[in-house]
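Structural features, examined
Spelled out, the chains give:
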Amino acid sequence: METRHDIGKAFSGSLKTFEKAPDAAMWDSIAAELNTSSKVLFPIWLQVLGGITTIAILLTGFYFLNDSNSTKDTNLTTTVPKKTNKTKTLDYKDVPTAPQKQTALYPIAAADSLLNRKTTPSKPKQPLGVLNGSVASEQKDDYNYSSDLVTREKQSTPNQNQNTDNSEASFLISKRANSAAAAKEDLAMQAYLDRIASQLEMSKSNTYRLAAIDYQNWLIRQKAIIAQNNQIFLSKIKTKAIAGKKDKKKKTTKLPRTDIERELKRTEATTYGWAVSPYVSTLQYSSFVKGSSIDDRLKNNPREGIATRGYGITAERTISEKMSIRFGVGYAPLQYRTENFQVTEVDGVLNIFQLQAISGDDINAGALPTNAEATAFFNQNDVVSIDQEISYIEIPVDFSYKLINKRVSLSTFAGLSLLVLNDNSIFATAKNNRLQIGNDRNLSALGLGFQAGAGLHYNATKNWRFNFEPVVRMQLTPYKDSETNFSPFYTGLQFGLSYKFK
Amino acid sequence: MLYGLCLKYCKNKQEAEDNLQESFITIFKKIETYKSKGSFEGWMKRITINKALDRYKKQPYIDQVIEDKLEAEDTQINQNQMTLSLQEMLALVQELPDRYRLVFNLYQLDDYSHKEISDMLAITIGTSKSNLHRAKIILKEKALAQLALNQNTIVNGN
C-alpha cells in the first residue's frame, strides 16, 4: 500500500536538521572582512581626530625621548670606589618603564661613561658593573678585584664624576703596586675591560631595544585608551541613532505585484461600505428652449450662462459591489445674462422696471427711480445687460451604478434634488458698472430637480478615491408661473476626493 | 549551523558563502545589541535568514500564478519513492526561483507562519500561500525527474 505525503514534509524531514561546516578558508575570509569592516566603522572625522591624537602622542613621546637623551649628562651615574665587599649590579629594574621619563637612558649613560674612560690606558679602568646578575658573576671569575671595586652609586653632577674617576685610578694604582704580578694583572685587567666594554655595548643596544619596546607598549596602551574612548563615544552615538530610528517605519523592499496581489489590492480598493466625497464644481446655467425667465419679449435678445463655481459634499452607501445610493448637500450659484437691453422711458416709467419678472423692491418699482445712484446709472447707460444671480442649496439623492469597478472605475448615476432658493437678484450692468434693479419674483423658493451624470473614478488606495463627474441638473419646478417659456438646467463638472471606509 | 542555513536559502554554494560572510560581519557588528532575551543561536539564525531575505527579495520577480489553479494541483508524493539523497534535495531547493525558495524555507523548514512570512517579504498572506504551493509543485516535478534519472542510471549502469 502506498503512503502518500506532502512533498514539503518529505523535504523538511530531511533538510530541517541539515547542517554543514564551511571551508576553513571561509573563516580567514570572514576574519579579514571583519578587520576591514571594523576600520570602516569609524567615520572620517573620527579617523582624522584619531590621527591627530596619535601624531600628538608620537610627538610628545619623541619630545620626551629627546629630552632624556639631552639630559643624560646630568644623569650620569658612576661608581664610588670604596673598599667594600658589596657588589651592586645594574638590573633592568633600574630601567624606567616609560620612555618619557628623564631617567630612561640611565644605564646607557653609565656605559658611555665607562667606555670613555677606557680610552685612557695609564689609568686602569674601573669595572662599573653590568646589567644583570649573570654578568656580575662572570666578572668575579675573571677579575679578583672586582668584588672590591665594582660598586655603583648615582652621582648628581659631572664634577663629582671626575672626582670619582680620580679616586678610582688612585685606588687601582695602589693596589697594583702592592701586587707581585702587576704585568699579568694588567693583561688580565685589559682582557676584563675589553670584555666589559663588549658587554656594555651589548647592553647599550639591549637598552635601546628595551626602551623601544617599552615605548611601543606605551603607545599601544595609549592607542587602546583612545580606541576605548572612541568606542564609548560611538556607542553613545549608536544608542541615540537607534532611539531615533525606533519611531521610523521599518523599511521594506517593494516587490512588483503579482496578479493575485493586484487582484487583492483592486478588490480592497473597490470594496467599501461608505464613501464621503467633498467636491468643487464648475457650473453653467442654460435653458432647453429659446425663452427668457424675465420676460418673453426678451427671447430674441442674446443670452448666455456665466460659469460659476459651486461646492458640496456627498455620502455614498454601497448596496452591492456595483450599486450604491448617494446623499448630499451642495451650493450652486448660477448666473444668466440677457444682453442688449435698450432702456427707454415709456409713460414716465423706465421699461426695465416694466419687465414681467422684475420686482423692483429696492428702487421704486414701476416708476422712475428716485435713487440718485440709479438715476445717474441710467442717464449714462441706455443699453444695458440684465444679469440674474440665482443660487440654490441642493440636496440630491442619487442612485449610482458602476459600469466598471476596478482601480479606474466608471459609473453612472441619476436622481432627484431638492433645490432651496438661496439668492435671487437682478442687476443692470454696463461698462463694468452694475446696479441692482430687483428680484425675479417668479422664482420658486423650493424646487425640484432631476440630475443625471457619469463618474470617472481612480481608486488610489483602500481609503482614497479621486472623482471626476460631469452632471446635468434639470430644474423641474423652478417658477411659480408655470406658463413661463423657459426650461432652465445647469451643467456641472465636479472634481472631488472620496474617503472610503467600511 | 549557519552555513547549512545559508545553503538552504541561497541558490548556490558561492552565494551561500557570501551570505554567511555578510551574516557574520553583521553579527559581530551588532553583537552589543544582543540583549540575551532569546537564545544566541536563534539570534544569529534570524540575522542569517534576514540577510538571505534581503539578498533575494530585492530581485524583481513577476508571479503569474493563479491561486485557484494552484490549489487544484497535487503536491503529494509517494513516500516510498522519495529516495533522493540529502545533497540532491538541497540542490532541488536551491534551484527554486528566489521567492519560492524563501517562502518554502521559511514555512517548511523554519516553521514561520504565512502571516510572519507576509510581513517579512512584504507580500500578502495569499501570495505567501500560493508561492509555497507553487514551490511544492516545482519540487515535486523536479524530484520525480531526478528519481527517474537515478533509476535510469541504476538500470543502465551509466
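Rules behind the numbers
- Throughout, residues of each chain are indexed from 1 in the direction in which the sequence is written.
- As a convention, the first chain written is A and the first ligand written is 1, with the rest following in written order.
- In keeping with the model being predicted, local features are shown solely for residues with a pLDDT of at least 70 and side-chain atom pairs are shown and tallied solely at 80 or more, while totals for entire chains, interfaces and linings include all residues.
- For the side-chain quantities, the full set of heavy atoms in the structure was used; hydrogens and water were omitted.
- Numbering of helices and strands runs from the N terminus, with a helix taken as a DSSP run of H or I at least four residues long and a strand as a DSSP run of E at least two residues long.
- The buried label applies to any residue whose accessible area, calculated with a 1.4 Å probe on protein chains only, is under 20% of its type's maximum; exposed applies above 50%, and partly exposed to all values in between.
- Pairs of residues are marked as contacts when any of their non-hydrogen atoms sit within 4.5 Å.
- The protein chains shown are the only cover counted for residues, whose accessible areas, like all others here, come from Shrake-Rupley with a 1.4 Å probe.
- The criterion is simple. A nonpolar core is a set of buried Ala, Val, Leu, Ile, Met, Phe, Trp, Tyr and Cys residues joined through side-chain atoms within 4.5 Å.
- Two strands pair if DSSP finds at least two bridges between them.
- Confidence scores here are pLDDT values: one per residue, from the predictor, ranging 0 to 100.
- In this description, one arc is meant: the one made by directions from the helix axis to the C-beta atoms.
- Definition of a polar contact: a pair of N or O atoms within 3.5 Å, with one able to donate and the other able to accept a hydrogen when the atoms are protein atoms, and with sequence-neighbouring residues admitted only if both atoms are side-chain atoms.
- Summed over both partners, buried area is the accessible surface (1.4 Å probe) that two parts give up on being assembled.
- Throughout this description, the term salt bridge denotes a Lys or Arg side-chain nitrogen within 4 Å of a carboxyl oxygen of Asp or Glu.
- For this classification, the nonpolar set comprises Ala, Val, Leu, Ile, Met, Phe, Trp, Tyr, Cys and Pro, the charged set comprises Asp, Glu, Lys and Arg, and every other residue, Gly included, is treated as polar.
- Each aromatic pair joins two rings of Phe, Tyr and Trp (for Trp, the six-membered one) with centres within 6.5 Å, and gets the label stacked for planes under 30 degrees apart, edge-to-face for over 60, and tilted for any other angle.
- Should the NZ of a Lys or the CZ of an Arg lie within 6 Å of a ring centre and within 35 degrees of the ring normal, that charge is described as sitting over the ring.

Let's talk about the overall build of chain A
- Regarding its fold elements, chain A presents 10 helices and 16 strands.
- Residues classed as buried in chain A amount to 40% of the 502 residues present.
- Within chain A, contacts between residues at least 6 apart in sequence are counted, and of these 76% link residues at least 24 apart.
- In the form shown here, chain A has an accessible surface area of approximately 27,500 Å², with 57% of it arising from carbon and sulfur atoms.

So, the overall build of chain B
- The helix and strand tally for chain B stands at 8 helices and 1 strand.
- In sequence order, the secondary structure elements of chain B are arranged as α-α-α-α-β-α-α-α-α.
- Considering chain B as a whole, with its 158 residues, one finds that 49% of them fall into the buried category.
- Accessible surface, chain B as shown: approximately 7,600 Å² in total, 50% of it carbon and sulfur.

Quick look at the nonpolar core
- Phe 11 of chain A together with Phe 104 and Leu 106 of chain B are the most contacted members of the largest nonpolar core, which totals 52 residues.
- Per-element tally for this core: the top contributor is helix α3 (residues 40–57) of chain B, with 7 residues.
- Among all residues touching Phe 104 of chain B, those that are not within four sequence positions of it are Gly 8 and Phe 11 of chain A together with Val 93, Leu 96, Leu 109, Leu 132, Ala 135, Lys 136 and Leu 139 of chain B.
- Counting residues in hydrophobic clusters, the runner-up holds 20 residues, among them Leu 350, Ala 374, Phe 377 and Ile 426 of chain A.

Brief notes about unusual backbone geometry
Residue and element names in this part refer to chain A.
- Of note in the backbone geometry, Asn 340 takes a positive phi value of approximately 55° without being a glycine.
- For Asn 340, the location among the structural elements is in strand β7 (residues 323–342).
- Backbone geometry places Asn 432, a non-glycine residue, at a positive phi of 65°.
- Judged by its relative accessible area of 85%, Asn 432 falls in the exposed class.

Some details on the pairing of β7 of chain A
All names here are of chain A.
- Alignment of strand β5 (residues 303–306) against β7, held across 4 bridges, turns out to be antiparallel. Of the residues in β7, the one forming a bridge with Glu 304 is Arg 337.
- Looking at chain direction, β7 and strand β11 (residues 383–404) are connected through 16 bridges and run antiparallel. What sits directly across from Gly 330, in β11, is Glu 394.

So, the confidence of the model for chain A
- This prediction gives chain A a mean pLDDT of 72; 67% of its residues lie at or above 70.
- pLDDT under 50 marks residues 70–165 of chain A. Its contacts with residues more than four places away, or in other chains, come to 174 contacts.

A closer look at helix α1 (residues 7–15) of chain A
Residues and elements named next belong to chain A.
- All buried positions along α1 are accounted for by Ile 7, Gly 8, Phe 11, Ser 12 and Leu 15. Along the axis of α1, the buried residues cluster in a sector spanning 130°; they form a single face. Turned more than 90 degrees away from the buried face of α1, the exposed residues are Lys 9 and Gly 13.
- Structurally, the start of α1 carries an N-cap: the backbone nitrogen of Gly 8 is 2.9 Å from a side-chain oxygen of Asp 6.

Regarding the interface of chain A and chain B
- In this assembly, 40 residues from chain A lie in contact with 54 residues from chain B.
- When chain A packs against chain B, close to 4,400 Å² is buried across both sides, 63% of that on carbon and sulfur atoms.
- Joining chain A to chain B, the criterion identifies 1 salt bridge.
- A salt bridge links Lys 136 of chain B to Asp 6 of chain A; the shortest N-O distance between them is 3.1 Å.
- For the pair chain A and chain B, the interface holds 4 residue pairs in polar contact (both at pLDDT 80 or more).
- Of all the elements, α1 of chain A adds the most residues to the side of chain A that touches chain B, at 8 residues.
- Here the residues of the side of chain A that touches chain B sort into 17 nonpolar, 11 polar and 12 charged.
- Here 3 bridges tie strand β1 (residues 4–6) of chain A to strand β1 (residues 76–78) of chain B, and the two strands are oriented antiparallel to one another. Across the sheet, residue His 5 of chain A finds its bridge partner in β1 of chain B, namely Ile 77 of chain B.

Notes on the environment of Glu 394 of chain A
Residue and element names in this part refer to chain A.
- Within the fold, Glu 394 resides in strand β11.
- Placed 26 residues apart in sequence, Glu 394 and Val 420 show a C-alpha to C-alpha distance of 6.5 Å.
- Among all residues touching Glu 394, those that are not within four sequence positions of it are Tyr 279, Gly 328, Val 329, Gly 330, Ala 332, Leu 418, Leu 419, Arg 473 and Tyr 490.
- Only 2.3 Å separates the side chain of Glu 394 from the side chain of Tyr 490, close enough to count as a polar contact.

Notes on the packing of aromatic side chains
Residues and elements named next belong to chain A.
- With the rule as written, the count across this model stands at 12 aromatic pairs over all chains.
- On the numbers, 5.2 Å between centres and 85° between planes, the contact of Phe 377 with Phe 378 is edge-to-face.
- Note on Phe 378: relative accessible area 8%, which makes it buried.
- In textbook terms, an aromatic cluster arises when at least three aromatic residues are bridged by ring pairs, as seen for Tyr 285, Tyr 336, Tyr 479 and Phe 486.
- For the cation-ring pair, Arg 326 lies above Phe 413, with the distance from its terminal atom to the ring centre recorded as 4.2 Å.

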